[in-house]
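Read off the chains here:
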Amino acid sequence: MMDSRTNSQQGDGSRRPHTKGTDASDAEMTNSLYIHGGGIALKMIHEEGGGFRLTYLGPEAGAADAPSAAVPVLPAGPDAPPAASLLAQRGHGYAGAGHADAVRMTDGRSARLSPVSIERLAADRLVLRSADASLGLSADVELHLSNGLMRARTRLRNAGPHPILLIRCAALQLPLMDWATQVITSHGAWAREGHELRRSFEGGFVGRTSRLGRSGFDGPPGVTVCDASTTDSAGRALGVQLAWSGSYLIQAERQRDGAAELGAEALYEPGEVVLEPGDQFETPEVLVAVSAAGFDGLRDVWHSHARCLVRPVSRPVHFNTWEARYFDFDEASLIDLAAQARDLGVERFVLDDGWFSGRRNDKTSLGDWTPDVERFSNGLAPLIAAVHGLGMQFGLWVEPEMVSRESCLYRAHPEWALGYPDPEAPTGRNQLVLDLGNPEVCDFLFEALANLLRPGGISYLKWDCNRELYPATSSGSFRANAQVLGLYSLLDRLQAEFPDVEIESCASGGGRIDFGILPRVMRFWASDATDAEDRIRIQDSLSRYIPLELMGSHVGPSPNPITGRSFPMLFRGLVSVFGHFGVELDPARLSLDDRNMLAGLIALYKRVRPVAVRGTYRVLSAIDPAVHASTMTSEDGNEFVLRVLRTAMSDYPLQPRIVIPDLPAGARYRAVELLPGNDARTDAGEYSSEALAWTGFGGDPRRPHHGRLFHFVRIQ
């Protein structure tokens, strides 16, 4: 049995379970329900033979007059049409995937969950109850409206006398409105993240999946549906995100009768989830955001929710040693490197891979988390003290989930690695994955990390995960689901013990960015690609869900080590200004002009940081496709920063103006161009919001791979 949770309640599948924090006897029972909260509303109907029909999900203002259409009997169809439902189940003529598939292990009888009731728990919360009384299996789908989105998950309980094998279970199965005719998905690979595809959704299904144990380079596990006319600033859109860091499936499917639905679920391997008598099981949470203001409206909802999950931090300028030194360093060279970083204006120095015992390349030593005595004869304390003495915080790279075959840990505990007992289990980046579903492994890792953190001085961990799960087994049993839960438990335990330590989620770059791990980290490494032009695409795509201040955005070397392309320092720095600014290069290899420019760009980032952190991000529509224009507006709306980047030559020598819409009517702004340096700026004039929205602003940098930054302050 894996990943089951003991349920103290016993009884048949139709018994009303107790809901935490709510007296079930006081809950309202009805066949038709309306709930609202956070600016959105939901209407439900419980129809005999038709399941739980969703009649409205959208802005609260439109809920009152939402019609409820009858479901017709179709030729060659069931006499009692099942219709799209939030708990649809196969076996009644329904042609979709269904909410859950499970079988009783003693005789193979399949579960057939039938709707029981809708229970209102609060003005903004309800639960849909279904059951198979013959198996003693019940399923609850809880829906909660808050902060502009709907949160949902499914809980299964086995109150019967026999074990039940769970094959699959959707966290949510959501009927879609008629206007949902297009689907937007993202895709990518290592150092190639952030590509998007928008397509019509006329029949069949469109989906996204990951089968290798982490959310993957395709971006956060979610999709967006919209109507054909939806743009960034206008139109109807609905986004779904599964808060899960493992394998998943999200698919939108249009049935043969034209009804459409969207399902989101974690993928479970065969035999992985067994509910013993008395057990209960909970799916990951799924998040649904709705917008009547286009994709920007969705972006605002996602950003607001993400910021609720992460405690505010100061976003200091990073220096990461990887592309400056790789594995070639010792204590003295690192102290010299830290001094060079300090001179640039860096505020946090992060020591990347290679610091621990025996680590000279990527083939050995993962799991042996003690400082290498040849490089650090007195441990890390002297280096940490030197970095602090330079006025910077100290951070450290770790990859706790992994183990090298050439390591003391693997030699002592080969049974702790996934793939055991196969001596030829496939490796990735020359490493295996530790079984985090094993409490002994998690205890060992916690103590190894705690031994580094307890002396103090380390305020930041760059937590890497450089490979996927293959095979995701231990002694022949699947462990993928338990692996994710073990990771969450380990991170939660560390956060509780060391609440001031910030953790960055890195997975070969953007391989694990999702709302499941987000409450446990403060930063994401968006991609191993530090190529400035690629980073524009990568960060914009990720910004549809994740606020930019949560994305590490570093100035890398030129030529870039991955693409070989060269860009001016000004361009590289301006790309990083909207994000969590960092440096990942060797300052000693810079020309004096580039070193001074980089120091000026760091000072520039510090000037706009109060606006950029927790600001509202917008990508502006530009007539010239080689111009990327975006704004970051302060929380109070009284100032915004306009960034204009040019990626190629224009077709014409005259540059079109950049329109800045959606400013308050009648407002006037004073604009200055911000230049690299502590307070360098030039006046750029005064403008009304109407002029900026109609005529536009002439801030084009003209030359390819150059950029400009402007600060607009509202004149009171």
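See the structure shown above.
Calculation notes
Residues numbered from 1 in each chain as written. Predicted model: local features only at pLDDT ≥ 70, side-chain atom pairs only at ≥ 80, totals over all residues. Heavy atoms only, no water. Helix = DSSP H or I, 4+ residues; strand = E, 2+ residues; numbered from the N terminus. Buried < 20%, exposed > 50% of the residue type's maximum accessible area, 1.4 Å probe, protein only. Areas by Shrake-Rupley, 256 points an atom, 1.4 Å probe, with all protein chains shown as cover. Lys, Arg positive; Asp, Glu negative; His and termini not counted. Charge placed at Lys NZ, Arg CZ, Asp CG, Glu CD. Pairing = 2+ DSSP bridges. Axes fitted to C-alpha atoms, helices over the stretch in contact; angles between N-to-C directions. Phe/Tyr/Trp six-rings, centres within 6.5 Å; stacked < 30°, edge-to-face > 60°. Contact = heavy atoms within 4.5 Å. Salt bridge = Lys/Arg side-chain N within 4 Å of Asp/Glu carboxyl O. Parallel < 35°, antiparallel > 145°, perpendicular 65-115°, else oblique. Left-handed = near helix turned anticlockwise from the far one by under 90°. Nonpolar A, V, L, I, M, F, W, Y, C, P; charged D, E, K, R; others polar.

Turning our eyes to something else, we now look at the overall build of the protein chain. A tally of helices and strands in the protein chain yields 11 helices and 40 strands. Based on the C-alpha atoms only, the size of the protein chain along its principal axes is roughly 80 × 70 × 45 Å. Burial statistics for the protein chain: of 716 residues in total, 59% are counted as buried. As displayed, the protein chain has an accessible area near 27,300 Å², and 51% of this comes from carbon and sulfur atoms. If the 71 positive side-chain charges of the protein chain are averaged to one point and the 89 negative ones to another, these points end up 3 Å apart.

On to the pairing of strand β37 (residues 639–646). Of all 8 residues making up β37, 7 are buried, and the element is well covered by its neighbours. Bridge analysis of strand β36 (residues 627–633) against β37 gives 7 bridges, and the strand direction is antiparallel. Paired with valine 627 across the bridge in β37 is arginine 646. Once β36 ends, the chain turns through 5 residues before running back antiparallel as β37, passing glycine 637 with a positive phi of about 75°.

To continue, consider the sheet that holds strand β35 (residues 616–620). The sheet built from 6 strands is open, its strands ordered β35-β36-β37-β40-β38-β39 with antiparallel pairing. Two strands bound the open sheet, and with one partner strand each, they are β35 and β39 (681–688). Averaged over all adjacent pairs, the angle separating strand axes in this sheet is 20°, with direction ignored. In the sheet, strand β38 (residues 668–674) pairs with β39 via 7 bridges, with the strands oriented antiparallel. Bridging across to β39, alanine 671 finds its partner in glycine 685.

A few words now on the packing of aromatic side chains. By convention here, two paired aromatic rings are described through the distance between centres and the angle between planes. A full pass over the atoms with the stated rule returns 22 aromatic pairs. Between tryptophan 355 and phenylalanine 356, the aromatic rings sit 5.3 Å apart at their centres with planes inclined by 75°, giving edge-to-face as the arrangement. Of the two residues examined, tryptophan 355 and phenylalanine 356, each falls in the buried class. With a centroid separation of 5.7 Å and 55° between ring planes, the pair formed by tryptophan 416 and phenylalanine 444 is classed as tilted. Here tryptophan 416, found in the loop between α5 (408–412) and β27 (432–433), pairs with phenylalanine 444, found in helix α6 (residues 439–453); they are 28 residues apart in sequence, far enough to count as distant.

Glancing now at the environment of glycine 219. Assignment of secondary structure puts glycine 219 in the loop between β15 (204–210) and β16 (222–226). For glycine 219, a relative accessible area of 13% puts it in the buried group. The sequence separation of glycine 219 and glycine 510 amounts to 291 residues, and the corresponding C-alpha distance is 7.1 Å. Residues in contact with glycine 219, not counting those within four places in the same chain, are Ser186, Arg208 and Ile513.

According to the stated counting rule, one finds 47 salt bridges in the structure shown. Between arginine 153 and glutamate 282 there is a salt bridge; the shortest N-O distance is 3.3 Å. Here arginine 153, found in strand β10 (residues 149–158), pairs with glutamate 282, found in strand β21 (residues 279–282); they are 129 residues apart in sequence, far enough to count as distant. For glutamate 282, a relative accessible area of 24% gives the class partly exposed. The salt bridge involving aspartate 700 is made with arginine 646; its shortest N-O contact spans 2.7 Å. Taken as a pair, aspartate 700 in the loop between α11 (689–694) and β40 (706–714) and arginine 646 in strand β37 lie far apart in primary sequence, 54 residues in all. Across this residue pair, the class does not change: aspartate 700 and arginine 646 are buried.

The next thing to look at is the packing of helix α8 (residues 532–542) against helix α9 (residues 569–577). As a packed pair, α8 and α9 sit with axes 9 Å apart at the nearest point and diverge in direction by 15°. What the angle tells us is that α8 and α9 run roughly parallel. α8 and α9 meet at a crossing whose hand is left-handed. For the pair formed by α8 and α9, the contact residues are Ala532, Glu533, Arg535, Ile536 and Gln539 on the first element and Phe571, Arg572 and Val575 on the second. Residues of the contact of α8 with α9, tallied by class, amount to 4 nonpolar, 1 polar and 3 charged.

The values reported here are purely geometric and, on their own, carry no functional implication.
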